[in-house]
Amino acid sequence: MRSLLVATALLGCAEAFAPSAVLPTRVPRVAASTGAAGVVCAEAGPDSRRNLLKGALGLAVGAVLPSVPLPAAAAGGEKCVMEIKTADGIAGTVEIELMPDVAPKTVAAFKEYVQSGLYDGTAFHRVNEFAKKKVLVGGDPYTKEEAFCNDIDTWKGQKTCSAGAGYGPDGWLANGKRGSGDDDKATRNLWDKGGPPGWRRDGLSKIKLEPEFGGKHERGAISLRRFNRPNSAGSQFIINLADMTKEMDGQSAVFGKVTKGIELLDKMDSKMVLKSNTALDFPRDDDKFVTTWSAWDRPVARQGITSIKMSEKHGEKHGEIPSQGGQTDSRKHSLNQCKRLQTPSEKHGEKHGEKHGEKHGEKHGEKHCETLGFGGASCFWVKPSVWEPLTNESFS
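Here the structure is a predicted model, which means the values were calculated and not measured.

Draft legend 1. Summary view of the overall build of the protein chain. Looking only at helices and strands, one finds eight helices and 17 strands in the protein chain. Per-residue burial for the protein chain yields a buried fraction of 48% across its 396 residues. Restricting the contact set of the protein chain to residue pairs at least 6 apart, pairs at least 24 apart contribute 69%. Carbon and sulfur atoms make up 54% of the accessible area of the protein chain, which amounts to about 19,400 Å² in all.

Structural data, given as structure tokens:
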């Protein structure tokens with residue numbers, strides 16, 4: 001094992017001592033990799049090849065020893081929170097982690113809709129189950145219980161408006177088990193047609209979102225619902241409560257995944273339903289068979305989405321000081337991994353009166369790293385006020 005560690009370390013550091021190797025001179029960087037004994041911190045400055053060697057050795061050891069996963073949020077994924085409240089008693093919070101690395105333009109569009117309040121007060125207007133598979137369809141602003149207008153009739157030069165009250169104040173549609181006379185059928189006839197301003201399902205839409213069909217439609221995946229054209233996605237979305245890879249992979253844009261609260265979505269009733277205006281299909285652009293499910297998927301009890309909000313940015317929740325340009329430091333987790341190895345008396349230099357942003361660890365962090373040796377992953381810092389990931393390219 002010792003020979004293997006030495007060999008791996010030498011390979012990992014060879015480029016660092018090559019004549020062409022360039023150390024960071026102006027841009028502060030921080031990197032972290034996992035290892036058996038936690039995180040080892042080493043200072044890396046313009047004149048610090050010794051510390052760079054220590055970090056490379058730490059990375060090498062971290063690669064061969066059992067890994068300790070970093071917190072999930074360290075990957076930098078943004079999250080949003082969906083609050084749901086249904087007429088039949090389901091209420092709670094659903095957390096969705098976005099995937100800008102998979103579908104950056106789709107994520108950007110979704111965030112724009114979230115921040116504009118387009119989803120607030122809407123509902124899942126389709127809860128469809130077929131052959132032991134289940135999906136939810138939501139995101140249509142015409143499902144709001146208030147008037148909503150959109151300029152989908154572009155050739156007429158006028159807006160199409162709903163009166164709201166698709167379910168009415170009691171939150172129910174009349175069915176075989178109970179009556180209801182306060183809902184508006186004309187509003188429900190617009191469901192499936194709603195979206196952001198200027199959007200419509202056909203080629204006359206003013207919004208054409210570039211297809212990003214690379215994600216996996218596994219259980220918990222959320223994708224923007226498309227129609228016949230690849231670029232026809234608006235604000236409507238589909239949440240998969242079963243594996244839909246066969247029906248949807250390569251044909252629809254996955255932009256996130258439910259990470260908390262999926263059990264609440266599982267409870268949404270797909271049995272007490274009425275008929276929607278059309279069957280639910282999953283369009284394709286290839287020659288394969290288009291999956292089509294029954295139109296019986298309109299819930300008789302309103303499956304309400306109270307709101308969808310972006311969750312707090314990394315650092316705001318924990319009281320971190322924003323970095324340059326007012327942006328909150330989103331790489332706090334690497335810093336936290338380093339912090340937990342310091343003794344209580346030396347955390348952030350509190351014992352010696354240092355401020356959080358003054359050469360954090362220059363005196364104390366490096367000392368701890370040397371004492372710990374090569375016990376695991378490595379993170380490097382120059383100035384804690386600005387952080388940037390350190391990749392393998394930094395050693396070339």
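Back to the text.
Draft legend 2. Inspection of the state of the cysteines at higher detail. One pass over the structure, following the stated rule, counts one disulfide. Here Cys149 connects covalently by a disulfide to Cys161, the sulfurs 1.9 Å from one another. Its S-S torsion of approximately 115° makes the covalent link between Cys149 and Cys161 right-handed. Residue Cys149 is located in strand β7 (residues 148-153), and its partner Cys161 is located in strand β8 (residues 158-162); the two are separated by twelve residues in the primary sequence. What makes Cys149 partly exposed here is its relative accessible area of 38%.

Draft legend 3. How the structure looks around the sheet that holds strand β11 (residues 253-260). Spatially, nine strands are ordered β4-β16-β2-β3-β11-β9-β10-β6-β5 in an open sheet, and the strand pairing comes out antiparallel. Single-partner strands in this sheet number two, and they are β4 (122-124) and β5 (126-130). Recorded for the sheet is a direction-independent mean angle of 30° between the axes of neighbouring strands. Pairing of strand β2 (residues 79-86) with strand β3 (residues 91-98) involves seven bridges; the strand directions are antiparallel. Paired with Lys79 across the bridge in β3 is Glu97. In the packing of helix α3 (residues 104-116) onto the sheet, the strands contacted are β2, β3, β9 (221-224), β11 and β16 (303-310), and the crossing angle to β16 comes to about 110°.

Draft legend 4. Highlighting the pairing of strand β10 (residues 237-240). By the alternation rule, side chains of β10 split into Phe237 and Ile239 and Ile238 and Asn240, which are all buried. Relative to β10, β9 runs antiparallel, the two being bridged by three bridges. Bridge pairing links Ile222 to Ile239 in β10.

Draft legend 5. Looking closely at the pattern of salt bridges. Going through the model one piece at a time under the given rule, you end up with 17 salt bridges. Across the salt bridge formed by Lys111 and Glu78, the nearest N and O atoms sit 2.8 Å from each other. Of this pair, Lys111 sits in helix α3 while Glu78 sits in the loop between α2 (49-64) and β2, and the two are 33 residues apart along the sequence. Where Asp192 meets Arg225, a salt bridge forms, and the shortest distance between an N and an O atom there is 2.7 Å. Placement of the pair is Asp192 in the loop between α4 (185-188) and β9 and Arg225 in the loop between β9 and β10, with a sequence separation of 33 residues. Side by side, Asp192 and Arg225 carry an identical accessibility label, which is buried.

Draft legend 6. Region of interest: the pairing of β5. Where β5 meets strand β6 (residues 133-138), five bridges bridge the pair, whose relative direction is antiparallel. Its bridge partner lying in β6, Glu129 is registered against Lys134. Following β5, the chain reverses through two residues before pairing antiparallel with β6; Ala131 in that reversal takes a positive phi of roughly 50°.

Draft legend 7. How the structure looks around the side chain of Thr143. Relative to the elements of secondary structure, Thr143 occurs in the loop between β6 and β7. Its relative accessible area of 1% is what places Thr143 among the buried residues. A polar atom in the side chain of Thr143 sits 3.0 Å from the backbone nitrogen of Ala123. Ignoring any residue separated from it by four or fewer positions in sequence, one finds Thr143 in contact with Gly121, Thr122, Ala123, His125, Trp191 and Arg302.

Draft legend 8. Fine view of α3. With 13 residues, α3 extends 18 Å from end C-alpha to end C-alpha; this agrees with the ideal 18 Å at 1.5 Å per step. Among the residues of α3, those classed as buried are Thr106, Val107, Ala109, Phe110, Lys111, Tyr113 and Val114. Turning to α3, the residues buried within the fold contact β2, β3, β9, β11 and β16. Positioned one or two residues after α3, Gly117 has a phi angle of 80°, which is positive.

Draft legend 9. Structural view of the nonpolar core. The biggest cluster of nonpolar side chains holds 40 residues, and the ones touching the most others in it are Met82, Ile84, Phe124, Phe237, Ile239, Leu265 and Ile308. Those residues within four positions of Ile84 in sequence are excluded, and the remaining contacts are Ile90, Ala91, Gly92, Val94, Phe124, Leu264, Leu265, Met268, Gly304 and Thr306. Counting eight residues, the second largest nonpolar core, distinct from the first, contains Val135, Met248, Phe282 and Trp293.

Draft legend 10. View of the confidence of the model for the protein chain. The pLDDT averaged across the protein chain works out to 73; a share of 59% of its residues lies at or above 70. Scored below 50 in pLDDT, residues 12-49 makes 114 contacts in the model with residues more than four places away or belonging to other chains.

Rules used in this analysis
- Going along each chain's sequence as written, the residues are numbered from 1 onward.
- This being a predicted model, a pLDDT of at least 70 is required before a residue's local features are given, and a value of 80 or more before pairs of side-chain atoms are given or counted; all residues contribute to the totals for chains, interfaces and linings.
- Side-chain measures were taken over the full set of non-hydrogen atoms in the model, leaving aside hydrogen atoms and water.
- Going along the chain from the N terminus, every DSSP run of H or I of four or more residues is numbered as a helix, and every run of E of two or more is numbered as a strand.
- Think of it in three bands: residues with accessible area under 20% of the maximum for their type are buried, residues over 50% are exposed, and the middle band is partly exposed, with areas taken using a 1.4 Å probe on protein chains only.
- Note on contacts: a residue pair qualifies if any of its non-hydrogen atoms lie within 4.5 Å across the two residues.
- The accessible surface values rely on the Shrake-Rupley method and a 1.4 Å probe; as for residues, cover is taken only from the protein chains in view.
- Any two cysteine sulfur atoms within 2.5 Å of one another count as a disulfide.
- Strand pairing requires that DSSP identify at least two bridges connecting the strands.
- Between N-to-C directions, angles span 0 to 180 degrees; the directions come from axes that are lines fitted to C-alpha atoms, helices contributing only their stretch in contact.
- Counted as salt bridges are all cases of a side-chain nitrogen of Lys or Arg within 4 Å of a carboxyl oxygen of Asp or Glu.
- Polar contact is the term for a pair of N or O atoms within 3.5 Å; when the atoms are in protein, one must be able to donate a hydrogen and the other to accept it, and sequence-neighboring residues count only if both atoms are side-chain atoms.
- In this scheme, a helix's expected span is set at 1.5 Å multiplied by one less than its residue total.
- Note on terminology: a nonpolar core comprises buried Ala, Val, Leu, Ile, Met, Phe, Trp, Tyr and Cys residues joined through side-chain atoms within 4.5 Å.
- One confidence number per residue, pLDDT, is output by the predictor and ranges from 0 to 100.

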